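Listed below, chain by chain, are the residues.
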Amino acid sequence: MPMSIDSIIARIGGADATARLTGVGTEAIRKWRQAQAIPSRHWPAIAQATGLSLQDLQPTPAVTDRPSPLAGGSQTGSSMPQARPDGATAALVLADGSVLWGKGFGAFTPRPAIGEICFSTSMTGYQETLTDPSFAGQIITFTFPHIGNVGTNALDDEAARPAALGLVVKEDPTEQANWRATSSLDAWLKQHGTPGIAGVDTRSLTLKIRDGGAQTAALVFPADGRFDLDAIAAEVAAWPGLEGMDLAKEVTCAAPYDWSEGVWSWPDNTAAPTGKRRKVVAVDYGAKRNILRCLVSAGCDVTVVPATTTGEQILALKPEGVFLSNGPGDPAATATYAVPAIRTVLEAGIPLFGICLGHQLLAQALGAKTYKMERGHRGANQPVQDLATGKVEITSQNHGFAVDAKTLPDDAHVTHVSLFDGSNEGLASDKYAAFSVQYHPEASPGPSDSFYLFERFVTLIDTNGVKH
């Protein structure tokens, strides 16, 4: 009797051990779980390591017409069901064969919105989440049930347009009830061409992602109400996944620009504080606006440059410090052009600070490696410990890749760790004036636990900066 894929992976020692044994990435292991099959070329190595027979490794027979544990009219099977529940106008089609029916809102989908399905545990800030460029290529499941209650307004955008492909919620979005609102969530989504689906059992969907890892999904909200689920399932199966995908080029700015707004405060709104200013170049791999505001409020004059800007071009701007922004996609793919630029800056002695993708790229520039996480960290309740002080910060995070701390060189050290799973959350170089964190100090869920990092960057500039 063939064993299930999960049982085989568990017998080997988990997804990471299986990836090392077979010489593939953890994203490939996730796809094996989705397909419930291991490519035959890996059978000999697995059989030798586990003592299983080749018969044990044969794909398990497809199960048809088996009800899914997910609510909301979900179904699974090797042939996608064509019927839909009464009143359903949208569907979420998962790579494992599940179909979650619901009510569409926001914009119709001329073509299925296909990407990685993930979940966010944040209880506030849905607009900031949807416009965070780090969510490019992803469909967001919100675990908090009250989405839409504060409406939307232009000041809360983290970028010019939503980066997320769509959103999944349990309840129909509520009408806005906030004095700052200028538009409803539904109207805002329509304006930006972003679809949503309501009526889904987001608790069960979140558990599925948590236990089985992120998987590919399609959000479908057709204007004509017609669903070709077999064709959609084929598109989902063909989507390559985020591993190996460079999305920074898709969300970066088209040309350099200056940023002068500071953090919002009463009554001066976003005015920059007075006092000494430091010239900082921010490399935009998908920068959130509030990061730029924090840099200004910490005492920096900020020039933002595109992700593909070379090290020589950065140095030509004569910066006193360089900032590496957050962003989406696989850091190993973005590193092909980002790492040479970062190394040029490091060798020039310019102080450097990175956040999220910028953290991962700095690690690669120092010689470390990154890997695809099974679930990732997304939400505003992530505890991180500063190893130098022992203090715990409540942080906001959004990342599906992480730095492998074991691969850091001898002249770099870990500064922060996740108290959820022990993964790397920060590093510093002992050779260069450079440090970075995986989480988002600008998002302020603490609310101000992590602002000291921007002040640390300014201090680094003042004590180690190169004067031009």
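The shown structure was predicted, so the numbers you read here are calculated from the model rather than taken from an experiment. (Residues numbered from 1 in each chain as written. Predicted model: local features only at pLDDT ≥ 70, side-chain atom pairs only at ≥ 80, totals over all residues. Heavy atoms only, no water.)

Engineer: Explain the overall build of the protein chain to me, and be specific about the residues and the numbers.
Structural biologist: Scanning the protein chain for helices and strands turns up 14 helices and 17 strands. Taken against the 2.2 N^0.38 rule, which gives 23 Å for 468 residues, the C-alpha radius of gyration of the protein chain at 23 Å falls within 12% of a compact globule. Reported as C-alpha extents along the three principal axes, the dimensions of the protein chain are approximately 70 × 60 × 40 Å. Contacts spanning at least 24 positions in sequence make up 73% of the contacts within the protein chain whose residues lie at least 6 apart. (Helix = DSSP H or I, 4+ residues; strand = E, 2+ residues; numbered from the N terminus. Rg over C-alpha atoms; globule rule 2.2 N^0.38 Å. Contact = heavy atoms within 4.5 Å.)

Engineer: So what's going on with the UniProt feature "binding site: L-glutamine" (unreviewed entry) in the protein chain? Which residues, and what values?
Structural biologist: Here, UniProt's "binding site: L-glutamine" (unreviewed entry) annotation points to Ser-134, Gly-327, Gly-329, Leu-357, Gln-360, Asn-398, Gly-400 and Phe-401. Spanning 268 residues, the annotated positions come together in the fold, the maximum distance between their C-alpha atoms being 13.0 Å. Not counting chain neighbours up to four residues away, the residues in contact with Gly-329 comprise Met-245, Leu-247 and Phe-401. Position of Gln-360 among the secondary structure elements: in helix α13 (residues 357-366). (UniProt positions renumbered as here; feature names shortened; annotations may be inferred.)

Engineer: Residues and numbers for the nonpolar core, please.
Structural biologist: If you look at the biggest cluster of nonpolar residues, it comprises 31 residues, and the most contacted ones within it are Tyr-285, Leu-324, Ile-342, Leu-346, Leu-352 and Leu-362. The set of elements that each furnish at least two residues to this core consists of β9 (278-284), β11 (321-324), α12 (331-347) and α13. Per element, the largest residue contribution to this core is 7 residues, and it comes from α12. Residues in contact with Leu-324, not counting those within four places in the same chain, are Val-283, Tyr-285, Ile-342, Leu-352, Phe-353, Gly-354, Ile-355, Gly-358 and Leu-362. Counting residues in each nonpolar core, the second largest holds 29 residues, with Ala-282, Ala-298, Cys-300 and Ala-428 among its members. (Core = buried A, V, L, I, M, F, W, Y, C linked by side-chain atoms within 4.5 Å. Buried < 20%, exposed > 50% of the residue type's maximum accessible area, 1.4 Å probe, protein only.)

Engineer: Summarise the pattern of salt bridges; cite the residues concerned and give the values.
Structural biologist: Opposite charge on two side chains permits pairing when their charged atoms draw close. Per the counting criterion, the structure on display carries 15 salt bridges. Taking the shortest distance from any N to any O, the salt bridge between Glu-116 and Arg-378 comes out at 3.7 Å. Of this pair, Glu-116 sits in strand β3 (residues 113-120) while Arg-378 is found in strand β13 (residues 369-386), placing the two residues 262 residues apart along the sequence. The pair formed by Glu-116 and Arg-378 is uniform in burial state, with each residue classed as buried. Residues Glu-261 and Arg-293 are paired through a salt bridge, measuring 3.3 Å at the closest nitrogen-oxygen approach. Residue Glu-261 is found in the loop between β8 (257-259) and β9, and its partner Arg-293 is found in helix α10 (residues 289-297); the two are separated by 32 residues along the sequence. (Salt bridge = Lys/Arg side-chain N within 4 Å of Asp/Glu carboxyl O.)

Engineer: Any details on the pairing of β13? Residues and values, ideally.
Structural biologist: Within a regular strand, the side chains alternate between the two sheet faces. Sheet analysis places β13 next to strand β14 (residues 392-404), joined by 11 bridges and oriented antiparallel. Looking across to β14, one finds that Val-384 is bridged to Glu-393. Linking β13 to β14, which pair antiparallel, is a turn of 5 residues; within it Gly-390 sits at a positive phi near 80°. (Pairing = 2+ DSSP bridges.)

Engineer: So what's going on with the sheet that holds strand β2 (residues 99-106)? Residues and values would help.
Structural biologist: Spatially, the 7 strands close up into a barrel ordered β1-β2-β6-β5-β4-β3-β7, and their pairing is mixed. Pairwise comparison of adjacent strand axes, ignoring direction, gives a mean angle of 35° for this sheet. With 3 bridges connecting them, strand β4 (residues 138-142) and strand β5 (residues 166-168) associate as parallel partners. Following the sheet pairing, Thr-141 is matched in β5 by Val-168. Each of β2 and β5 touches helix α6 (residues 185-192); the most contacted strand, β2, lies at about 90° to it. (Axes fitted to C-alpha atoms, helices over the stretch in contact; angles between N-to-C directions.)

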